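# Overview (structure and organization)
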Amino acid sequence: INHIVHNGGLYKRPFNEAFEETPMLVAVLTYVGYGVLTLFGYLRDFMRQWKIEKCQNATEREEQKDFVPLYQDFENFYNRNLYMRIRDSWNRPICSVPGAKVDMMERVSHDYNWTFTYTGRVIKDIINMGSYNYLGFAQKTGACQEAAAKVLSQYGAGVCSTRQEMGNLDKHEELEKLVARFLGVESAMAYGMGFATNSMNIPALVGKGCLILSDELNHASLVLGARLSGATIRIFKHNNMQSLEKLLKDAIVHGQPRTRRPWKKILILVEGIYSMEGSIVRLPEVIALKKKYKSYLYLDEAHSIGALGPGGRGVVEYFGLNPEDVDVMMGTFTKSFGAAGGYIGGKKELIDYLRTYSHSAAYATSMSPPVVEQIITSVKCIMGEDGTTIGEARVQQLAENTRYFRRRLKEMGFIIYGNEDSPVVPLMLYMPAKIGAFGREMLKRNIGVVVVGFPATPIIESRARFCLSAAHTKEMLDTALKEINEVGDLLQLKYSRRRLVPLLDRPFDETTYEETED
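The protein chain is annotated in an unreviewed UniProt entry as serine C-palmitoyltransferase of Sylvia atricapilla. Annotation of the protein chain in UniProt includes, under Cofactor (unreviewed entry), the sentence "pyridoxal 5'-phosphate".

Take the overall build of the protein chain next. Per the secondary structure count, the protein chain includes 16 helices and 18 strands. Relative to the 2.2 N^0.38 estimate, which gives 24 Å for 518 residues, the radius of gyration of the protein chain is 24 Å and therefore close to what a compact globule would have. Oriented by its inertia axes, the alpha-carbon framework of the protein chain measures out at about 70 × 65 × 60 Å. Classification of the 518 residues of the protein chain by burial places 53% in the buried group. Surface summary for the protein chain: the accessible area is close to 24,800 Å², and the carbon and sulfur share equals 56%. The protein chain carries 63 positive and 60 negative side-chain charges, and their two centres are separated by 4 Å.

Moving on to the packing of helix 14 (residues 390-412) against helix 16 (residues 474-491). At a minimum axis separation of 11 Å, helix 14 and helix 16 run at an interaxial angle of 20°. Taken together, the axes of helix 14 and helix 16 lie roughly parallel to each other. Here the hand of the crossing between helix 14 and helix 16 comes out right-handed. Residue-level contacts link Asn401, Tyr404, Phe405, Arg408, Leu409 and Met412 of helix 14 to Lys474, Leu477, Asp478, Leu481, Ile484 and Asn485 of helix 16. Considering only residue class, the contact of helix 14 with helix 16 consists of 7 nonpolar, 2 polar and 3 charged.

Another point: the sheet that holds strand 16 (residues 462-467). Read across the sheet, 3 strands follow the order 13-16-15 without closing on themselves; strand pairing throughout is antiparallel. Edge strands, defined here as strands with exactly one partner in the open sheet, are strand 13 (424-430) and strand 15 (450-452). Strand after strand, the sheet turns through a mean of 25° between neighbouring axes, direction not considered. Here 3 bridges tie strand 15 to strand 16, and the two strands are oriented antiparallel to one another.

Rules used in this analysis
- Residues numbered from 1 in each chain as written.
- Predicted model: local features only at pLDDT ≥ 70, side-chain atom pairs only at ≥ 80, totals over all residues.
- Heavy atoms only, no water.
- UniProt positions renumbered as here; feature names shortened; annotations may be inferred.
- Helix = DSSP H or I, 4+ residues; strand = E, 2+ residues; numbered from the N terminus.
- Rg over C-alpha atoms; globule rule 2.2 N^0.38 Å.
- Buried < 20%, exposed > 50% of the residue type's maximum accessible area, 1.4 Å probe, protein only.
- Areas by Shrake-Rupley, 256 points an atom, 1.4 Å probe, with all protein chains shown as cover.
- Lys, Arg positive; Asp, Glu negative; His and termini not counted.
- Charge placed at Lys NZ, Arg CZ, Asp CG, Glu CD.
- Axes fitted to C-alpha atoms, helices over the stretch in contact; angles between N-to-C directions.
- Parallel < 35°, antiparallel > 145°, perpendicular 65-115°, else oblique.
- Left-handed = near helix turned anticlockwise from the far one by under 90°.
- Contact = heavy atoms within 4.5 Å.
- Nonpolar A, V, L, I, M, F, W, Y, C, P; charged D, E, K, R; others polar.
- Pairing = 2+ DSSP bridges.

This is how it looks when you write it as structure tokens:
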């Protein structure tokens, strides 16, 4: 399904997203593959139970056989019998800066991935297509590194206290004022952990008697925060405004269950860029609905801040919208800024309230000073306040790399999900055996990729996820594309029935499709 929206009323730019339907044969074969794996899993569990095969998974001790089990053995079935087969595709240890290229420690397994042994060899110069280093600020040289090293020598590595006690440094105050200016909001607050920014602040904003409307593909941190809040949660279909509007209408018409009283608050939770789908939120429509039904909007810009918009200010700037229309602007420093932590921006009253009532503010140790300085330096670079145009050039380079990489993959015949401007590029693999095979074959060719399967995705929608960076040169991308093309032919991954026609004279942002026979 291709969504091409250019509505003069809401959208000031074309909005192109593609989610090509899974071919029926591929879907059937994927289910068959999982079925075969499950059958063999039961067979191997039977053999382990009768000591025919060695049992290497965690089990209750013999002395505890009369206890109530600490965990259900069946819950570990997927890990034992499916995940373990391709476990070598994850948790690969790198031993360098996660820049455009990385060095990786080689490891081998002699017991089918139950344990790993390091060979002592380091695989050098692997092209890194997996890190969220969107603007290339994860580096060991340059202005950010020099500034962080200087602050480290002045302030040390840790603060050993919370912000409300003895851990509030001048650097923290400087960072929050800078972030507020960058976002175009009244005030902002920084936190030491991106995940906790969501999970610990949503419960401070809503509670019992409130309603949360959450996108079905929201990140685990948003889901956890919503559950911890005690509010009622209702899910709308991914980026589907008809589904969201129906829930809003029902909430206002029917009110709370049983009592039918009006909801205290209605909070809409969405992300800027969805990190598994590569899609961008339909923010103009969400804001229109939010205003129409008098609800609040919480926007998670973890992947979009720095990566979208002409000035790197995220999805709000990308659509040319007013930051004041978003009640709670959340984002992380872990991706585009090459650091750690998160922030919340909004009205001064909101931030003052969170300084008092947020669990992250009250109980978490303050951010490390060198990390704070890394963020300050990178944000100033993006804003051009360092006296250079390096930041602006990086934002433009990321946009160019994104469009080029996505277009080339589509021309090759792969099914690619998401928005044409999203630097998160999911390439669909589908079948379980191809998850491990793709990761291993790419590593053989010195390309580091992230492969994703169930339960992080629907069971038949396994994928490889590429994350583009401004640090990637065209030569690096061409090398990666050449190897991806080879592996795609080897593993027969070119499922797309809509082939892009590679025309040399085609305008940069125009898409031409040629229907090809199955």
